[in-house]
Amino acid sequence: KAGVTQTPRYLIKTRGQQVTLSCSPISGHRSVSWYQQTPGQGLQFLFEYFSETQRNKGNFPGRFSGRQFSNSRSEMNVSTLELGDSALYLCASERSPGGTEAFFGQGTRLTVV
Amino acid sequence: DQQVKQNSPSLSVQEGRISILNCDYTNSMFDYFLWYKKYPAEGPTFLISISSIKDKNEDGRFTVFLNKSAKHLSLHIVPSQPGDSAVYFCAASVRGSQGNLIFGKGTKLSVKP
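Heads up: these notes are all about the structure in this document. Quick caveat, the model's predicted, so the values are computed rather than measured. (Residues numbered from 1 in each chain as written. Chains lettered and ligands numbered in written order. Predicted model: local features only at pLDDT ≥ 70, side-chain atom pairs only at ≥ 80, totals over all residues. Heavy atoms only, no water.)

**Points about the overall build of chain B**
(1) Moving on: Each helix and strand in chain B was counted, giving zero helices and 11 strands.
(2) Moving on: In terms of overall size, chain B behaves like a compact globule, its C-alpha atoms giving a radius of gyration of 13 Å where 113 residues would be expected to give roughly 13 Å.
(3) Moving on: Within the span of chain B, comprising 113 residues, buried residues form 46% of the whole.
(4) Moving on: Within chain B, residue pairs in contact and separated by at least 24 positions form 54% of the contacts whose partners lie at least 6 positions apart.
(5) Moving on: Looking at chain B as shown, the accessible area adds up to about 5400 Å², and 49% of this sits on carbon and sulfur atoms. (Helix = DSSP H or I, 4+ residues; strand = E, 2+ residues; numbered from the N terminus. Rg over C-alpha atoms; globule rule 2.2 N^0.38 Å. Buried < 20%, exposed > 50% of the residue type's maximum accessible area, 1.4 Å probe, protein only. Contact = heavy atoms within 4.5 Å. Areas by Shrake-Rupley, 256 points an atom, 1.4 Å probe, with all protein chains shown as cover.)

If you want it as structure tokens, here you go:
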């Protein structure tokens, strides 16, 4: 059974650009959550999607957005990139929302220069 | 305000001995707790979890203890192995209502041969 797949693995962007990251959940999982990991702040929750609807959102500016497709794949977008957006972005999937069995992908390492 | 705290950034243990990783939380609504292990450049891997209705859960070398009155949980690894060297994250959730995980900042465990 394939795990959570995130693409791309690594990305370098310049300030002011925008970026889109992709996440394919485990087959049969319909809930997808996104987290940002930085050295100083640990893993911080960005947002959660279930059945193409955003259920929950963390404390991030509106430059961070996401969506989920009918096949449960999810994308997150960051517009007007800032240096502080450099981080490892992790996607987690579950069968349904509940925060009890989240499986993570390997993450996308975003570097903003 | 950090709702989940791992106060020890690092821990060093000799191979074969017990590793004890600690985690404190402040939100009494949390009813499910998880431990994840993370290697560099990889996503977190689920280790073990515990519901708030229990005070202990065991899986092989890993045991999680929950003390609800003290809002404290701990992960015991016995015996510790060099392959256990990684960053360990404690996470908590309110099942169903929110679904997202609140993570501590992690403890880096080093198991020396």
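**Concerning the overall build of chain A**
(1) Moving on: If you tally the helices and strands in chain A, you get zero helices and 11 strands.
(2) Moving on: Taken from N to C terminus, the helices and strands of chain A fall in the order β-β-β-β-β-β-β-β-β-β-β.
(3) Moving on: Taking 113 residues into account, the globule formula puts the C-alpha radius of gyration at 13 Å, and chain A, at 13 Å, falls close to it.
(4) Moving on: Dimensions of chain A, computed from the C-alpha atoms along their principal axes, are close to 35 × 25 × 25 Å.
(5) Moving on: For chain A, the residues scored as buried account for 51% of the 113 residues in total.
(6) Moving on: Looking at chain A as shown, the accessible area adds up to about 5200 Å², and 47% of this sits on carbon and sulfur atoms.
(7) Moving on: Distance from the positive charge centre (12 side chains) to the negative charge centre (7 side chains) of chain A: 4 Å. (Lys, Arg positive; Asp, Glu negative; His and termini not counted. Charge placed at Lys NZ, Arg CZ, Asp CG, Glu CD.)

**Notes on the interface of chain B and chain A**
Often the size quoted for an interface is simply the accessible area lost on bringing the parts together.
(1) Moving on: Taken together, the 19 residues of chain B in the interface contact 21 residues of chain A.
(2) Moving on: Together chain B and chain A conceal approximately 1700 Å² of surface at their shared face, both sides included; 54% is due to carbon and sulfur atoms.
(3) Moving on: Summed over the shared surface of chain B and chain A, the number is four residue pairs in polar contact (both at pLDDT 80 or more).
(4) Moving on: At the level of elements, strand E4 (32-38) and strand E9 (86-93) of chain B are the ones that each hand at least two residues to the side of chain B that touches chain A. (Buried area = accessible area lost by both parts, 1.4 Å probe. Polar contact = N/O pair within 3.5 Å; in protein donor to acceptor, adjacent residues only side chain to side chain.)

**A few points about the pairing of strand E7 (residues 64-68) of chain A**
Residues and elements named next belong to chain A.
(1) Moving on: Where E7 meets strand E8 (residues 74-78), five bridges bridge the pair, whose relative direction is antiparallel. If you follow Gly66 over to E8, its bridge partner there is Met76.
(2) Moving on: Hairpin remark: E7 followed by E8, antiparallel, with five residues in the connecting loop; positive phi at Ser72, about 75 degrees. (Pairing = 2+ DSSP bridges.)

**Some remarks on the state of the cysteines**
(1) Moving on: Counting across every chain of the model gives two disulfides over all chains.
(2) Moving on: The disulfide partner of Cys23(A) is Cys91(A), and the gap between their sulfur atoms is 1.8 Å. Measuring handedness by torsion sign, the sulfur bridge of Cys23(A) and Cys91(A) sits at about -55 degrees and is left-handed. Here Cys23(A) is found in strand E3 (residues 19-24), whereas its partner Cys91(A) is found in strand E9 (residues 87-94), with 68 residues between them in sequence. There is no split in this pair, since Cys23(A) and Cys91(A) are both buried.
(3) Moving on: Paired through a disulfide, Cys23(B) and Cys90(B) show a sulfur-sulfur distance of 2.0 Å. Across the disulfide from Cys23(B) to Cys90(B), rotation about the S-S bond amounts to roughly -70 degrees, and the bridge is consequently left-handed. One end of the pair, Cys23(B), is in strand E3 (residues 19-25); the other, Cys90(B), is in strand E9, with 67 residues separating them in the sequence. (Disulfide = S-S within 2.5 Å.)

**Observations concerning the sheet that holds strand E8 (residues 72-77) of chain B**
Residues and elements named next belong to chain B.
(1) Moving on: As summarised here, the arrangement of the five strands in space is E1-E3-E8-E7-E6, forming an open sheet in which the pairing is antiparallel. Looking at strand neighbours, the two that pair on one side only are strand E1 (4-5) and strand E6 (56-59), the edges of this open sheet.
(2) Moving on: Here six bridges tie E3 to E8, and the two strands are oriented antiparallel to one another. Residue pairing across strands places Cys23 opposite Leu73, the latter belonging to E8.

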